[in-house]
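Report on the structure
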Amino acid sequence: MDNYSILCIREEPDLLNCAADWFHEKWGIPREEYYKSMNQCLLNNQSIPQWYVAILNGNIIGGLGVIENDFHDRKDLSPNICALYVEKTYRNQGVAGRLLDYACSDMKKYGIEVLYLMTDHSSFYEKNGWKFLCMVQGDGDNHLSRMYVHRAP
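Being a predicted model, the structure only gives us computed values, none of them experimental.

1. Here's the deal with the nonpolar core
Of all hydrophobic cores here, the largest spans 26 residues; its most connected members are Y52, L64, V66, I81, L99 and W130. Looking at this core, the elements with two or more residues in it are β1 (5–8), β2 (50–56), β3 (59–67), β4 (80–86), α3 (95–109) and β5 (114–119). Examining the composition of this core, we find that seven residues originate from one element, α3, more than from any other. In contact with W130, other than residues within four places in its own chain, are I81, L100, C104, L115, Y116, L117, Y125, Y148, V149 and H150.

Here you go:
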């Protein structure tokens, strides 16, 4: 499936409200938190935070962010991919992998060649060029989660 586009919120400010609503709906984190982070990405010229969405026929079908820390105890492992989500209808079609590749390439333009992400999933990230690094404690979690790292080629 190649008929969708990946867009950066910093280059498409009209997507701010729609994207904040979409991420809130998917993850249950207050909309204001997404809005604040996305608005910060629009207002400054710094590399972090950044937000990306996959758009098909005017609708968001996937997205992710890059923030300093995705709410875990390893503050030294930064910046982090966060909130990766693809609508169920579009899963297993390469959307998540393309979003990850796009974000990594975009971050490299800012001189950021190493990114981290915390997840409970395995195998998917390895298939997309990420390496397992260690286990981390998520804020408020009773269990450990997997931390992956991606180094730009």
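We are not done yet, so read on.
2. Brief notes about the sheet that holds strand β6 (residues 131–137)
In any sheet, the strands associate via hydrogen bonds between backbone groups, in a parallel or an antiparallel arrangement. Pairing within the open sheet is mixed, and its seven strands lie in the order β1-β2-β3-β4-β5-β7-β6. At either margin of the open sheet sits one strand with a lone partner, and together these are β1 and β6. The average angle at which neighbouring strand axes cross in this sheet is 30 degrees, direction not considered. In this sheet, β2 lies alongside β1 in antiparallel orientation, the contact comprising four bridges. The residue of β2 that forms the bridge with L7 is V53. Along the sheet, helix α2 (residues 31–43) makes contact with β2, β3 and β4, crossing β2 at roughly 100 degrees. α3 contacts β1, β2, β3, β4, β5 and β7 (144–151) of the sheet and is inclined by roughly 140 degrees relative to β2.

Rules and cut-offs
Residues numbered from 1 in each chain as written. Predicted model: local features only at pLDDT ≥ 70, side-chain atom pairs only at ≥ 80, totals over all residues. Heavy atoms only, no water. Core = buried A, V, L, I, M, F, W, Y, C linked by side-chain atoms within 4.5 Å. Buried < 20%, exposed > 50% of the residue type's maximum accessible area, 1.4 Å probe, protein only. Helix = DSSP H or I, 4+ residues; strand = E, 2+ residues; numbered from the N terminus. Contact = heavy atoms within 4.5 Å. Pairing = 2+ DSSP bridges. Axes fitted to C-alpha atoms, helices over the stretch in contact; angles between N-to-C directions.

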